[in-house]
Every structure is written in structure tokens, then in C-alpha cells.
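Chain by chain, the residues:
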Amino acid sequence: MTALTPRHPTLYRLAPDGSIELLFSRCASCDRLGFPANAPGCGHCGAPAEALETVARPGTARLLTCVTVHQTLSPALPAPYVVADLELVPGVIEEAVLVGDEEPPPGTMVYAVAVPNGGDFDCRFAVRPGDVPRASREGAAA
Amino acid sequence: MRPLREMEPVYVAGIGLHPYQFPNDTPYTHLGLTAVREALTDAGLAWRDVQSAYVGTAAIGMAAGRVMFRHLGSTGLAVTQVENASASGSFAFRLACMEVAAGHSDIVLALGVDKFGDGRRAANKDGLARLSDTATIPAVKFALLGRAYLRQHDLPVEAMAEVAVKNHGNAALNPYAQFRKPRTLEQVMASPKVAGDLTVQQCCPRGDGAAAVIVVSERARRRLSMPAARTVRVLASVANSEGEDSAAEPSVIDMVRASSAQACEHAAVAPLDLDLVELHEAFSVEELIYMEAMGLCGPGEAAHYLRRGASRIGGQCAVNASGGLLGMGHPLGPTGVGQIAELVRQLRGEAGARQHAGARLGMAHMIGLGSVAIAHILARENATGAH
């Protein structure tokens, strides 16, 4: 797994302990976190990119809502899959993809997991920390 | 911000459309010219009378206006192309109204025209990655919104499907609509699932078409002796965009609330005074959510309002009498202008089988990717100019 690189290195990275960390910006003007880290300005107070520094946070999030997408709407995401609005940190809400086909209830804590995708890994979210979907185990063994 | 109502009076004097239809090979010029000619005839005007034209289109490409208008005659009028995604036509209308309200022009065209196919979006060119590959796709966003709404108010999935039933029924009465057959709840529910609780018939179709309205000043209305019964006053034009998202409430809801409330304030009317509302129900659940945000009914009450017939033609406030985006269609550029045309037709008492009796006041509300929102309020005036 550590040989794989993040598909979106501006959004997440592998921490030394093998977990996934999300990359945020912290604004020197308003002290708030933004996502992604490389945004060209602070979405909260409007400070320019120069005021932002990248900080890593554990890949945990609070699930607000989720649904199953039944039709393939993007070639990179074949259906079916479960998509969710996640609150990554207070005030930062992003759409993300869950592993598996469960639809957890609102308020569930979810955890970022690395899912191999060719030579890269994607960041998906799972209900149980350390969840790795069966397909990725096969991918890692191959 | 100065209300439109306090500027020079603005009227819609002519409307015209090309029917909305599934993607096809008809050149956009034919669609647009059909709508413009119908609007000119409706207003009793000639092309040379039009001083300025705003062309709302999301997908045609650069410089659509003159390519089309030269076939009406190269009169040298000002031509401006306007793009605001799904709300392109609404913003073309807004700019036409503002030009007349400012006293700059007397007769201005707002045309919405589009062809399906080239919907490139800036959100995919911002150089920023996203955790989900469908984060910029509205169907997913509204599927999530819909699920949260149904859960919040403990509503069954049929509650949103009923919107599609009503609007397809209205569209069946609309000769310009893309869909012309009523649909049952069973048909809507049985259509293929798209995302969450949204089935295909609860999502607006792809298509093209055109809609045109001609906006005139009081001066032009008098000079040309336009009958008061056929000119409809534009009382308000308000536009805004989303604030920051929060876990407490999706930002789109506050955006709709704020734009519609300010439009009512500018028009000096209350939401419950509205006889008609045309709104952006590209996905069925939006109609329920936005009706509440607009104050047509209380929180969580829109499904009941619909079930008891209050949003039907002939009910308390006819919502999407045209058939809406689900039934009439959503060809993008034309959609917002088509909403205005429907309100004008209704307020003139010329809506035939779709007529909402006693219609005096209507609101057209649109949303575009971004998101942006825009609201217009139109009123029938009596012969003395009061409304």
C-alpha cells in the first residue's frame, strides 16, 4: 500500500502510521480551516493564498446525509456507489464517496481509507476505522 | 438596492416560443428566430423597432446573437450574450428590464435559446481536486438534499414524486412543452432510479428550444397604443448567489429564501399574495423545498399543500402551471424566459386550458450553477395602471 501514491495529493496523504490524513488550509487572517489546502483564497474571510498554510488532520468526518447513486454519472465513478455530504471539520462540508453499499444514518462518524485504483489510491470513507474493502485487498496482493 | 418598481415602469408586451424538444439537428437559429418572430407578432412590433437584444444561452458558444438576428435584418441594434448556466435566460430578461427601467431604451428583446450538448463548466477547470468525481453534478447534490428533506419531515418518497405527476399533467396542456402526456404516480415511481430517491421522471430532460419576450417602456406603450390588458408590468427583479454552506442548512435554501423575499419586498407584495409561481424544479424535491423557502407554506408543509391540490391550476397558488422544468423542459437558455412567457400568458388571461382563474400576480424564480438565484415578479394592471 505504501508504494501507491495518492490520486489527489492536494487533498490527502498517507500518514506514517498508514492512516489517511486530509489536507486543509489554515488561514492566518481568520484562523479557520478550509478545504482543499491549495485553494486560491480563504473561503471564509477572503484572505489571499499567501495567508494560507497547509495543515494535515486525521481523516475522520461526520456524515450528514448519504444516498446511493444508481446511474454512472461520471466515467471515473461507475455506479452503484454511495455518496455522502461529510462535515470534515466544523464549517467544511464536502461530497465524498463511501466504501461498500451501506447507507449509514446522519451523524455517523466515518474514516478515510485508501482504496487502490491502478497505481494510485483513492480516498474513500468507511464506517469502521481500518475498514478496507475486499477489492482493495485483492488489488494490494496482486 | 433600488427596487425596479421605483425606476421607469417596465412592461412585457410580447411573448413567443419555439416548443422545447429532445436533442435534434435543428439549427439554433431556427429555434431562436421562431420565438422572436412570434413575440414580435404578439407585440405588434417590427424587428427594426427593437433597440437592444439580450441573448441568454449556456451551451451554443460565442456570438450566437448576430449570427441569428441578421436574418431578421441588420438594423445595427445592440446585442449582448448572457450566460449564467440554467439561469441564463432569466438574467437576459433582467438586463432587458434594467435597460428599460434606466430609461436608456424603450423596446428591448430578451431571448433564451440553446442547443444540447456542449455544457462545459468552469467548475471543472478551477485546478482544484475533489473527493468525489460527481461533486459538480446537480443530480447528486439534489439527491442528497432530497434525502435530507424527506428525513427531516418524515415524508415518504411519494411526496416528491407527486410533484412530477402534477407538472407532467400541466405540461400535457402546454403546446410548447417537451412532454405532452400525463403521468401517474406509479409510472413516475417505476421509472429507472438515478440517485437517492430520484427516478428518471423526477429529473428534468435534456433538450433545446427558444423563448422570447419583448420588454417596453411606458413611453413606448403609450406611443404605440398597446392595449393595457396585454401588457404586463414587471414589479421586481432581484438576483443573488449562495452564502457559505453549513451543516444546519444547505446554502441553496437560504439563497432561495433571500431572493424571493427581497423580490416580494421590492414589489410590495407578500408571498401569500402570489397567484402563480414558476420555479426551478429540475429535480422533483426542489419544488417542495423552494415553496417553503419562498413562504408559500410553512416548513415541512409543501407535500401536504400539493396533496390537497393547493399548488394545482385552480388551487391557492398554481406552482409550475407551465409544466415546470420536469414537464415543459429545461433546455437551459430558454427556461427562464419561458417562465416569464408563462406568467404573462396567465396574467393576460390567455392560458387556455392551463388558465389559473383570477391570476393577478406571479413570481418567476430560477437557479443557476454556482449557485446563483434570480426572482422576477409580474403583475396584471388594470386600465388605470394600478395593480
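Higher on the page you've got the structure.
What counts, and at which threshold
Per-chain numbering applies: the sequence of each chain, read as written, is numbered from 1 onward. Chains and ligands are labelled sequentially in the order written, the chains with letters from A and the ligands with numbers from 1. The model is predicted, so local features are restricted to residues of pLDDT at least 70 and side-chain atom pairs to those at 80 or more, both for listing and for counting; the totals for chains, interfaces and linings are taken over all residues. For side-chain calculations, the full set of non-hydrogen atoms in the structure is used, while hydrogens and water are omitted. Counting from the N terminus, the helices are DSSP H or I runs at least four residues long and the strands are E runs at least two residues long. Relative accessible area decides the class of each residue, using a 1.4 Å probe on protein chains only: under 20% of the type maximum gives buried, over 50% gives exposed, and in between gives partly exposed. The contact definition used throughout considers only heavy atoms, calling two residues in contact when any of these lie within 4.5 Å. For helices, the fitted line uses only the C-alpha atoms of the stretch in contact; every axis is such a line through C-alpha atoms, and the angle between N-to-C directions lies from 0 to 180 degrees. Here roughly perpendicular refers to angles of 65 to 115 degrees, roughly parallel to angles under 35, roughly antiparallel to angles over 145, and oblique to all remaining angles. Only Asp, Glu, Lys and Arg are considered charged in this grouping, and only Ala, Val, Leu, Ile, Met, Phe, Trp, Tyr, Cys and Pro are considered nonpolar; every other residue, Gly among them, is considered polar. In this description, buried area is defined as the sum, over both parts, of the accessible area (probe of 1.4 Å) that is lost when the two are combined. When a carboxyl oxygen of Asp or Glu lies within 4 Å of a side-chain nitrogen of Lys or Arg, that pair is called a salt bridge. Here a polar contact is recorded for every N or O atom pair within 3.5 Å, except that within protein the pair must consist of a potential hydrogen donor and a potential acceptor, and residues adjacent in sequence are included only if both atoms are side-chain atoms.

### A closer look at the overall build of chain A
Okay, so step 1: Each helix and strand in chain A was counted, giving one helix and 10 strands.
Okay, so step 2: Overall, chain A shows an N-to-C arrangement of helices and strands of β-β-β-β-β-β-β-β-β-β-α.
Okay, so step 3: Evaluated residue by residue, chain A yields a buried proportion of 44% over its 142 residues.
Okay, so step 4: Summarising the internal contacts of chain A: among those between residues at least 6 apart in sequence, 47% fall at separations of at least 24.

### With respect to the packing of helix α3 (residues 88–101) of chain B against helix α12 (residues 333–348) of chain B
Residue and element names in this part refer to chain B.
Okay, so step 1: At a minimum axis separation of 5 Å, α3 and α12 run at an interaxial angle of 55 degrees. By the angle between their directions, the pair α3 and α12 is classed as oblique. Between α3 and α12, the contacting residues are S88, G89, S90 and F93 on the first element and G333, G336, V337, Q339 and I340 on the second.
Okay, so step 2: Residues belonging to the contact of α3 with α12 are distributed by class as follows: three nonpolar, six polar and no charged.

### Things to note about the interface of chain B and chain A
Okay, so step 1: Counting residues at the interface gives 27 residues for chain B, matched by 42 residues for chain A.
Okay, so step 2: Counting the surface lost from both chain B and chain A, the interface buries some 2,600 Å², and carbon and sulfur atoms represent 62% of this.
Okay, so step 3: Considering only the surface of chain B that becomes buried against chain A, L131, D133 and L144 of chain B emerge as the three largest contributors, covering 29% of it.
Okay, so step 4: Summed over the shared surface of chain B and chain A, the result is two salt bridges.
Okay, so step 5: One salt bridge in this structure joins E103 of chain A and R147 of chain B, with 2.9 Å as the shortest N-O distance.
Okay, so step 6: At the surface where chain B touches chain A, the tally comes to 12 residue pairs in polar contact (both at pLDDT 80 or more).
Okay, so step 7: By residue number, the principal contributor to the side of chain B that touches chain A is helix α4 (residues 138–152) of chain B, which donates seven residues.
Okay, so step 8: The residue makeup of the side of chain B that touches chain A, split by class, is 15 nonpolar, five polar and seven charged.

### Some details on the side chain of S90 of chain B
Residue and element names in this part refer to chain B.
Okay, so step 1: Mapped onto the secondary structure, S90 falls in helix α3.
Okay, so step 2: A relative accessible area of 3% means that S90 is categorised as buried.
Okay, so step 3: Not counting residues within four places of it along the chain, the set of residues in contact with S90 comprises G336, V337, Q339, M366, I374 and H376.

### Considerations on the pattern of salt bridges
Okay, so step 1: For the structure shown, the criterion picks out 24 salt bridges over all chains.
Okay, so step 2: E242 of chain B is the salt-bridge partner of K141 of chain B, the closest N and O atoms lying 3.6 Å from each other. With K141 of chain B in helix α4 and E242 of chain B in the loop between β8 (232–241) and α8 (251–267), the pair connects residues that are 101 residues apart, well separated along the chain.
Okay, so step 3: For E242 of chain B, a relative accessible area of 22% translates into the label partly exposed.
Okay, so step 4: Between R147 of chain B and D197 of chain B there is a salt bridge, and its shortest N-O distance comes to 2.9 Å. With R147 of chain B in helix α4 and D197 of chain B in the loop between β5 (193–195) and β6 (198–199), this residue pair connects regions lying 50 residues apart in the sequence. By the burial criterion, R147 of chain B is buried, and D197 of chain B matches it.
Okay, so step 5: Residues participating in the shared-partner salt-bridge network are R7, D122 and R124 of chain A together with D133 of chain B.

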